[in-house]
Amino acid sequence: MATVNDVREVIERAYPPHLAEDWDAVGLICGDPAVSVSKVAFALDCTQAVAQRAVDIGAQMLVVHHPLLMRGVTSVAADTPKGKVIHTLIRGGVALMAAHTNADKARPGVNDVLAELVGIAPGRPLVPADPALAQDTPAKDAAGDACAQDAPALAKAPGLGRLGQLPEAITLREFTQRVANALPETEWGVRAAGDPDQLVRTVAVSSGSGDSFLETAAALGADVYLTSDLRHHPVDEHLRAGGPAVIDTAHWASEFPWTRQVRDIVSAQTGLETEIIELRTDPWTVHAKKEN
Ligand SMILES: [Zn+2]
């Protein structure tokens, strides 16, 4: 019989905590490391519905991507939203653990899953975890092919985002549809900015909120940059500066597929029963286009 700590160690080997950003809060959020575990559940967010589902399916541990508690907390009273989640978990005997930016950067990690889903072999990170490697960044060759020449250490380095090539150039319109077909479905789908008929082949991806890497994607020679949570002004200014086309997906849709990766790791290394909680935690529930 494994313990919460045994599962924690498996996850920390796969997604080393030292890779996490300074502002992040990864690791065990609640639960007793010494308690036995027979079933582990997985989700992207620990919402109240997810916490309740973890209890209902008889899990003793829930592994998520987004930390439940990020900033200073002075109360986990059960009449606050996060306190209610914590009470549900502790009363139901469920430990909670988060692997966040450490899982984004790890190889394999969240960004490798996203890259493979949209049809590229995950190459170099957009931002290597080791800043010394970033200085090895080669210039683009005549064909604008940035990732083909990357040193092997950079091509497999941990870090945020991934760069890769589609097998052949396709239009932005076609690629956007391919992304929509590949990612888990949300109410509002996927949108793109840029000329729909332009050809794209070099693809940059960054799971979750990636608007801070718009310039990086441009500097690395991407034809299109796929991320989430994009806003009007940064995208408009980026395009007018000649930057690559942009694809904006639901944050949940770009990261939820990672739950299969972490589930497979825990299952293979512990032999425990596992279950992905398939509740869609994208907050957007209605999408409307103007009726004629
Ligand atoms: Zn995220």
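Rules used in this analysis
- Residues numbered from 1 in each chain as written.
- Predicted model: local features only at pLDDT ≥ 70, side-chain atom pairs only at ≥ 80, totals over all residues.
- Heavy atoms only, no water.
- Domains from an automatic or database assignment.
- Contact = heavy atoms within 4.5 Å.
- Buried area = accessible area lost by both parts, 1.4 Å probe.
- Salt bridge = Lys/Arg side-chain N within 4 Å of Asp/Glu carboxyl O.
- Nonpolar A, V, L, I, M, F, W, Y, C, P; charged D, E, K, R; others polar.
- Donors = N, O, S within 2.8 Å, 3.2 Å for Na, K, Ca; no water.
- Helix = DSSP H or I, 4+ residues; strand = E, 2+ residues; numbered from the N terminus.
- Buried < 20%, exposed > 50% of the residue type's maximum accessible area, 1.4 Å probe, protein only.
- UniProt positions renumbered as here; feature names shortened; annotations may be inferred.

### Remarks on the domain arrangement of the protein
Interface extent is often summarised as the accessible area lost during association of the parts. What the domain assignment reports for the protein is domain 1 (2–103) and domain 2 (107–254). Computed from C-alpha coordinates alone, the two centres of domain 1 and domain 2 are separated by 30 Å. Across the contact, 8 residues belong to domain 1 and 8 residues belong to domain 2. In total, about 560 Å² of surface goes out of reach between domain 1 and domain 2, with carbon and sulfur atoms giving 67% of it. There are 0 salt bridges connecting domain 1 and domain 2. Classifying every residue of the side of domain 1 that touches domain 2 by side-chain character gives 4 nonpolar, 2 polar and 2 charged.

### Structural notes on the coordination of the zinc ion
With distances of 2.0 to 2.1 Å, the protein atoms coordinating the zinc ion are His 66 (NE2), His 251 (NE2) and Glu 255 (OE). Positions of the donor residues of the zinc ion along the chain correspond to the pattern H-x184-H-x3-E. Of this pair, His 66 sits in the loop between strand E5 (61–64) and helix H3 (81–91) while His 251 sits in helix H11 (residues 251–255), and the two are 185 residues apart along the sequence. On the basis of relative accessible area, His 66 is assigned to the buried category, the value being 16%.

### Re H3
The set of residues buried in H3 consists of Gly 83, Val 85, Ile 86, Thr 88 and Leu 89. Those residues of H3 that are buried are in contact with strand E2 (27–30), helix H2 (48–56), E5 and strand E6 (95–98). Backbone geometry just after H3 places Gly 93 at a positive phi near 70°.

### Some points on the UniProt feature "binding site: a divalent metal cation" (unreviewed entry) in the protein
The sites that UniProt annotates as "binding site: a divalent metal cation" (unreviewed entry) are His 65, His 66, Asp 104, His 251 and Glu 255. The greatest C-alpha distance among the residues just named is 13.0 Å, despite their covering 191 residues of sequence, which places them together in space. In contact with His 66, not counting residues within four places along its chain, are Leu 44, Asp 45, Ala 98, His 100, His 251 and Glu 255. Checked against the element boundaries, Asp 104 lands in helix H4 (residues 101–105). Asp 104 gets classed as buried once you look at its relative accessible area, which sits at 6%. Apart from residues lying up to four places away in sequence, Asp 104 is in contact with His 65, Val 110, Asn 111, Gly 159, Leu 160, Arg 162, Ser 207 and Glu 255.

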